[in-house]
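The residues making up each chain are set out below.
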Amino acid sequence: MTLDSLVEQFKKKDTLAFEQLYSMYSKNICGVIHTIVKNEGRSQEICQDVFIKIWHNSDSYNSSKGRFFTWILNIARNAAIDEIRSKSYKNERKNFSADYFVGILERPDEEQTTADAIGLKKLVKNLKEKCVQIIELLYFRGYTQKEAAEELDIPVGTVKTRNRSCISQLRVNMEQK
Amino acid sequence: MIDIKKYIASGILEIYVAGVLSEKENLEVSAYAKQYPKINDEIIAIEASILELSKRSSNIQPYPFSEVKDKINIPKEPKVLTLEKEKSVWPMYFGWAASVLLAIGLFLTYNQNQELKSELEVVSKENMFLEEQIATSDTSLEKAKTLLNTIRDKNIDVVPLAGQTVAPDSYAKVYWNKQQEKVFIDAKGLPEPPDGFVYQVWSLKLSPTLTPTSIGLLDTFYEDDNKVFALDNVNDSEAFGITLEPSGGSEGPNLEQLYTLGVVAAS
């Protein structure tokens, strides 16, 4: 079954299709939430809520506006950011970059409990820190190009091309594994 | 005919997968993806790398699907409990009455109450979701209908905000649903805020002294196409104002940067 027809079935409230999509994306979505929220138990709950939410709002997904995964990713990021906002992390956006998955690579081994550290290291080896940061901001935090440019102190026009070369490196690493 | 190589090299497809393009650009990219298989393949490859990365970003284990399935299949009707015949139902009524009283009590101690905070969280999540839905249905009739229904609600008070000294041409409207303690700000008539600044909405009490209370930031102004923002307002507002504040908002309003202001008509 292709992804498109799976998503079609899901929109018709087919639980089997939902189960397949869940097995395809739940680890990713929970992972993204975890990197933002950090608390494992809460992240699992929020992640579950996100999937319940997409089930009930499957009508609002429109394939002409983006990928299915991107749609869930957006909802998940919003839910996670909502969670830490509600805990009154006032300036959370500014403090992000020092943490997770950027930071995790620099920590001594015994502290690496939250990430699949070995797999992650292989994947982002030889990626420049600037690359890890830009990927984190755009994909894990949902920053717009403008916001990412401000955060990284680079011109808006270079965000797209820098990010592309970073993702290309990531793709090379993936193939070598 | 577009230059496919150049289009791919621009890096727009990576941003598309991140989900942070404008709605117009999103429509453009997906139209090209349908038209040109090369572009579609590239998008899938980019997505695959992000899937791989996000999968490895954490060791977290999602709940098994059975739990999610249980939650989505919960029947709306509460379960009926069978009581033994001899037992009076009065204790149950008392129980219900007591819990209703308790619920009222909780409302009264609103501000100190942690549990209600979490209820507020849910409401604000719903708000966000509603707002997201309003925004994403921008091109469709759906959006017009939703907006229209929201502002046609009989419980809505409309408060026009007029431009002030710093921006005499600007204007905004507040649709206030007192019952749901929500306000919808139509900010289409405000100029785009300069970098590093954000609009902040204030509920004002006029007497005995002018007391502003922040009810939220329009911090997605740049991305939001329809410029309608849903915020919570539990205040007994007598007027609403919108000021320009440094990113992150301020404790109190900067009245020199008061863009719009309007008084709630006495009912």
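Chemist: Can you break down the packing of aromatic side chains residue by residue, with the values?
Modeler: All chains considered together, the criterion is met by 18 aromatic pairs over all chains. Connected via pairs of aromatic rings, a cluster forms that spans F10, F18, Y22, Y25, F51, W55, Y61, F68, F69 and W71 of chain A together with F65 of chain B. Above the face of the W55 of chain A ring, K13 of chain A is positioned so that its terminal group lies 5.2 Å from the ring centre. Just above the ring of W176 of chain B sits the side chain of K178 of chain B; from NZ or CZ to the centre is 4.9 Å.

Chemist: Describe the nonpolar core, listing the residues and the values that go with them.
Modeler: Grouped together as the largest cluster of nonpolar side chains are 79 residues, with contacts concentrated most on I29, V50, F51 and Y139 of chain A. Residue contacts for I29 of chain A: discarding those within four places in its chain leaves C47, V50, F51, F69, I72, L73 and A76 of chain A. Core analysis: the next-biggest nonpolar cluster, separate from the first, contains 22 residues, V201, I215, L231 and I242 of chain B among them.

Chemist: Go over the pattern of salt bridges with me, naming the residues and quoting the values.
Modeler: What the rule picks out here adds up to 13 salt bridges over all chains. In this structure, E23 of chain B and K65 of chain A form a salt bridge, with 3.2 Å as the shortest nitrogen-oxygen distance. With one member in each of two chains, E23 of chain B in helix 3 (residues 23-35) and K65 of chain A in the loop between helix 3 (40-56) and helix 4 (68-86) form a pair that bridges those chains. In this structure, E52 of chain B and R56 of chain B form a salt bridge, with 2.9 Å as the shortest nitrogen-oxygen distance.

Chemist: Describe the state of the cysteines, with residues and values.
Modeler: Residues and elements named next belong to chain A. Evaluated as defined, the whole model comprises two disulfides over all chains. Across the disulfide, C30 is cross-linked to C47 (sulfur-sulfur distance 2.0 Å). Its S-S torsion of about -85 degrees marks the bond between C30 and C47 as left-handed, since a negative value means left-handed. Within this pair, whereas C30 is found in helix 2 (residues 15-37), its partner C47 is found in helix 3, the two being separated by 17 residues in sequence. Per residue, the accessibility class of C30 equals that of C47, and both read buried. C131 shares a disulfide with C166; S-S distance 2.0 Å. Linking C131 and C166, the disulfide has an S-S dihedral of approximately -80 degrees and is accordingly described as left-handed. Here the residue C131 occupies a position in helix 8 (residues 129-140), and C166 occupies one in helix 10 (residues 159-176), the gap between them amounting to 35 residues. For the pair C131 and C166, one class covers both residues: buried. With its disulfide-bonded cysteines labelled consecutively along the sequence, chain A is connected as 1-2, 3-4.

Chemist: Which residues make up the sheet that holds strand 3 (residues 182-186) of chain B, and what are the values?
Modeler: Residues and elements named next belong to chain B. Strand order in the open sheet formed by eight strands is 5-4-7-8-1-2-3-6, with antiparallel pairing between adjacent strands. Two strands bound the open sheet, and with one partner strand each, they are strand 5 (211-217) and strand 6 (228-232). Direction aside, the axes of adjacent strands within the sheet are offset by 25 degrees on average. Looking at chain direction, strand 3 and strand 6 are connected through five bridges and run antiparallel. Counted as the bridge partner of K182 is D232 from strand 6.

Calculation criteria
- Residues numbered from 1 in each chain as written.
- Chains lettered and ligands numbered in written order.
- Predicted model: local features only at pLDDT ≥ 70, side-chain atom pairs only at ≥ 80, totals over all residues.
- Heavy atoms only, no water.
- Phe/Tyr/Trp six-rings, centres within 6.5 Å; stacked < 30°, edge-to-face > 60°.
- Lys NZ or Arg CZ within 6 Å of the ring centre and 35° of its normal.
- Core = buried A, V, L, I, M, F, W, Y, C linked by side-chain atoms within 4.5 Å.
- Buried < 20%, exposed > 50% of the residue type's maximum accessible area, 1.4 Å probe, protein only.
- Contact = heavy atoms within 4.5 Å.
- Salt bridge = Lys/Arg side-chain N within 4 Å of Asp/Glu carboxyl O.
- Helix = DSSP H or I, 4+ residues; strand = E, 2+ residues; numbered from the N terminus.
- Disulfide = S-S within 2.5 Å.
- Pairing = 2+ DSSP bridges.
- Axes fitted to C-alpha atoms, helices over the stretch in contact; angles between N-to-C directions.

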